[in-house]
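Listed below, chain by chain, are the residues.
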Amino acid sequence: MKRTALNLKWNALKLSGYETILLGVFVILFVLFSLTAPNFLSPVNLQSMMVQMPEMGLIALGLMVVVITAGIDLSITYLAALSGIAIAWALSHGWPIPLALAAGAVTAMLCGAFNALLIAGTGVPPIVLTLGSMILFEGIALRVTRGGSISGFPESYYLIGGGELGPIPVPMLIFAAAAVLTAVMLNRTAWGRSVFMIGNNPTASRFSGIPVKSVLIRVYLFSALMAFLAAVIMTSRYNSAKVDYGSSYLMQGLAAVVLGGTSISGGSGTVKGTVIGVAIFQILSSALNLYSISPHIVDVLMGAILIFVLLVDYVIKLRKRMVRVKATDAAVKPPVSA
Amino acid sequence: MRFLKSKEGGIFLIVLLLFIVLSFLNPVFLTFDNLIDVVQTNVVLGILAIGMTLVIIIGGIDVSVGAMTAAVTVLIGKFMVGFGYSLPVVLLLAAAGGTLLGAINGFLVSRIKVQAIVVTLGTLSIYSGLTMYVTGGVWINNLPQSFIDFGRIRLPGGIPIQIVFLVLIALFTAYLLKYLRIGRSVYALGGNMRSAERAGISVARVQMFVYSYMGFLAGIAAFVHTSIYRQVDPNAFNGFELQVIAAVVLGGANILGGSGRVSGTLLGVALLALIGNGLTLAHVPSFWHKVIIGSFIAAAVVFDVLQRRRIEKQLVKIDVLQS
């Protein structure tokens, strides 16, 4: 019994070939930056990286689950912003913290349900529907905040974003818990297996008796949950809520998901890969910041990295295909007799 | 009657209804100045939406349009400040710059065969990052007087010169889609990529053309935009791609590809323009604009999908009866 439990654990930590390469890239970059970037290894920098990473990481986890079903959720960052604004509104109106968090969670779930019901119920392409809901959520958020920010929270609320448990910041713990939860949900539940099957082949999934609609609904609710967690960390860390908090995480989060090996056309993806992808983006942006490179050039580099990753992925696939073609050629062609 | 039953007809009726309601609600709406103003402020949206129509017909998407347009406004702004203004040179520069940026998208989409959304998200980040880096976010103000004069030209009847660009581009693109070989290939590709390939159409070449054409129109749009506002704001097009895509989708193009028309897209632009103008004239706070436009897009696509499904069901029925 003990042995199987141990085996299970090892399986969960095992990396695929691509993930090993990715981890290698991370380690190489980390060593490189430790040696060259000023103060990269300083406690302050390590601490701030661990506080920043969870926000984008949570958005990336939410996006990943949607991308595995061959969908996309463009509204996720504004959903997070709106949920954060609900929390901020409640806190600044003197609601107790648990109740304010509940208000944020309910807001996130309502927005998620809006996406989920329309996408699963009618079969609208997720990209257009979430484009519409993105503008909608942004509009509502603007309406509530009137373009400004909401602040004035009780002291104890800052502990979520600023607190620490030993050397580890609380946001990191939330992210770790969310990552484990996502991995368990995807790999150990019937829902998780269905998510992959729908991404691979929605028609076959339907004919094999998978309740596609209810699985999809839970996918978008799950991504809304991740957005809510990101919103909690963001509001607590910035000590306020505003419409455009976190809006840059959509591009970065999607890039991290793709970098982590999730196929944008659906059907595959791992939490491990996404976490490493997020970590790579985080140390990159921190190091570029420490080199005091203009944030605009950082944007350029992030875009370039995303495209570069796709290029590498393409070349690898192409080589695999060529090997396969050669193999079948050899099998089909009769040996040429002299 | 056939027109009214078509998809464009339905949108036309909505636009017409909105038009009538607005003219009753607000006396300012139906004045010549207001209408010209509405058209002029939406010329750029119209030009970009026409390009996006082709992209969406082939089942692609280009979220870098805003960034491309902004990049070209900065390019021609800097050029004019440095070297002065000459209509053919600046127009050519805008067109060439835009086409180059679009061709980069086209190359990545057609050769590397990654979903257009991911490629253009990447180039969006690159183009806008470079634009911001070059300008530092600072506006370019001191454009040559001759260029400013050009932007003020009005045709007989008081029609601004910028509208001419939109009309020419709309007519040419509609002609291209309907009568030219490349236009027919665009529809073929959107209908069924594999069949198109088997029918001898080079998928990569059509994709390359469509994304380059999008870039070309972004360049022209940048020129037109600068001639209207007479200054360059590097941030002017942040998030503009969403409006462009919204106009095309509202205009009846299928986001999954295969269908879409220039006339529909222009109606989609008109719809967005009228909603915006109507809300402004009615003094609705700008916060509400996004709420209303967002709901409109969601409602339009849901309606579209439901209607398409109904038609499909009818088709299946016919099949069964015939066999």
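In this text the structure is predicted, and so the values were computed from the model without any measurement. (Residues numbered from 1 in each chain as written. Chains lettered and ligands numbered in written order. Predicted model: local features only at pLDDT ≥ 70, side-chain atom pairs only at ≥ 80, totals over all residues.)

Some details on the overall build of chain B
Regarding its fold elements, chain B presents 14 helices and 2 strands. Relative to the globule expectation of 20 Å for 323 residues, the C-alpha radius of gyration of chain B, 20 Å, shows essentially globular dimensions. Once the C-alpha set of chain B is aligned to its principal axes, its extents read approximately 70 × 55 × 35 Å. Expressed as a percentage of the 323 residues in chain B, the buried residues total 46%. A fraction of 79% describes how many contacts in chain B between residues 6 or more apart in sequence connect residues 24 or more apart. (Helix = DSSP H or I, 4+ residues; strand = E, 2+ residues; numbered from the N terminus. Rg over C-alpha atoms; globule rule 2.2 N^0.38 Å. Buried ≥ 20, exposed ≤ 12 C-beta atoms within 10 Å, placed from the backbone. Contact = placed C-beta atoms within 7 Å.)

Overview of helix α8 (residues 170–188) of chain A
Look at α8 of chain A: 26 Å from first C-alpha to last across 19 residues, which is about the 27 Å you get at 1.5 Å a residue. Lining the buried residues of α8 of chain A we find α3 (43–68), α7 (158–162), β3 (168–169), α9 (190–200), α11 (212–238) and α13 (271–290) of chain A. (Expected span 1.5 Å × (residues − 1).)

What about the interface of chain A and chain B?
Contacts between the two partners involve 38 residues from chain A, matched on the other side by 38 residues from chain B. For the side of chain A that touches chain B, the secondary structure elements donating two or more residues are α5 (97–122), α6 (126–145), α12 (249–259) and α14 (295–332) of chain A. Looking at which element gives the most residues to the side of chain A that touches chain B, the answer is α6 of chain A, with 13 residues. When the residues that make up the side of chain A that touches chain B are grouped by side-chain class, the tally is 25 nonpolar, 9 polar and 4 charged. (Nonpolar A, V, L, I, M, F, W, Y, C, P; charged D, E, K, R; others polar.)

As for the nonpolar core
When a protein is soluble and globular, its nonpolar side chains tend to lie buried together. Counting 192 residues, the largest nonpolar core has I59 and A227 of chain A together with I47, L48, L217 and V249 of chain B as the members making the most contacts within it. Structurally, this core is a two-domain feature, drawing no fewer than three residues from each of domain 1 (2–284) and domain 2 (289–323) of chain B. With near-sequence residues (within four places) excluded, I59 of chain A lies in contact with I76, T77, A80, M226, A227, A230, Y249 and G253 of chain A. (Core = buried A, V, L, I, M, F, W, Y, C linked by C-beta atoms within 7 Å. Domains from an automatic or database assignment.)

Section: the packing of helix α3 (residues 32–57) of chain B against helix α8 (residues 161–179) of chain B
All names here are of chain B. Their axes nearest at 9 Å, the elements α3 and α8 cross at an angle of 25 degrees. Considering the angle they form, α3 stands roughly parallel to α8. Viewed along their axes, α3 and α8 form a crossing whose handedness is left-handed. Taking contact as the criterion, the partners of V39, Q40, V43, G46, I47 and I50 in α3 are, on α8, Q162, I163, F165, L166, I169, A170 and T173. For the contact of α3 with α8, the class distribution of residues is 9 nonpolar, 4 polar and no charged. (Axes fitted to C-alpha atoms, helices over the stretch in contact; angles between N-to-C directions. Parallel < 35°, antiparallel > 145°, perpendicular 65-115°, else oblique. Left-handed = near helix turned anticlockwise from the far one by under 90°.)

A word on the environment of V186 of chain B
All names here are of chain B. Following the sequence through the fold, V186 ends up in helix α9 (residues 181–191). It is 9.3 Å that separates the C-alpha atoms of V186 and F209, two residues lying 23 residues apart in sequence. Every residue in contact with V186, bar those within four places of it in the chain, is listed here: L54, I57, I58, L177, V206 and V210.

Some words on the environment of L250 of chain A
All names here are of chain A. Positionally, L250 belongs in helix α12. C-alpha of L250 to C-alpha of L63: the two residues are 187 residues apart in sequence and 8.5 Å apart in space. Every residue in contact with L250, bar those within four places of it in the chain, is listed here: L74, I76 and T77.

Considerations on the domain arrangement of chain B
Reports of interface size often rely on the accessible area that becomes lost once the parts have come together. Residues and elements named next belong to chain B. Partitioning chain B into structural domains gives domain 1 (2–284) and domain 2 (289–323). Between the C-alpha centres of domain 1 and domain 2 there is a distance of 26 Å. With 7 residues of domain 1 at the contact, the number on the domain 2 side is 7 residues. Elements supplying a minimum of two residues to the side of domain 1 that touches domain 2: α12 (240–250) and α13 (262–281). The element best represented in the side of domain 1 that touches domain 2 is α13, accounting for 4 residues. Here the residues of the side of domain 1 that touches domain 2 sort into 6 nonpolar, 1 polar and no charged.

Some words on helix α2 (residues 7–25) of chain B
Residues and elements named next belong to chain B. For α2, which comprises 19 residues, the first-to-last C-alpha distance of 27 Å matches the rise-based estimate of 27 Å (1.5 Å per residue) to within 8%. Listed as buried for α2 are I11, V15 and L22. The arc enclosing the buried residues of α2, seen along the axis, measures out at 40 degrees, which places them on a common side. Counted as exposed and oriented over 90 degrees from the buried face of α2: L13, L16, L17, I20 and F24. Buried positions along α2 lie against α13. (Arc of directions from axis to C-beta.)

Observations concerning the packing of helix α5 (residues 87–112) of chain B against helix α6 (residues 116–135) of chain B
Residue and element names in this part refer to chain B. Where α5 meets α6, the axes come as close as 9 Å, and the angle between the chain directions of the two elements is 145 degrees. Judged by the twist between their axes, the crossing of α5 over α6 is right-handed. On α6, the residues touching L101, I104, N105, L108 and V109 of α5 are A116, V119, T120, T123 and Y127. Counted by class, the contact of α5 with α6 contains 7 nonpolar, 3 polar and no charged residues.

What to know about the environment of F33 of chain A
By secondary structure assignment, the location of F33 of chain A is in helix α2 (residues 17–36). Setting aside residues up to four positions removed in sequence, F33 of chain A forms contacts with F40, I283 and A287 of chain A.

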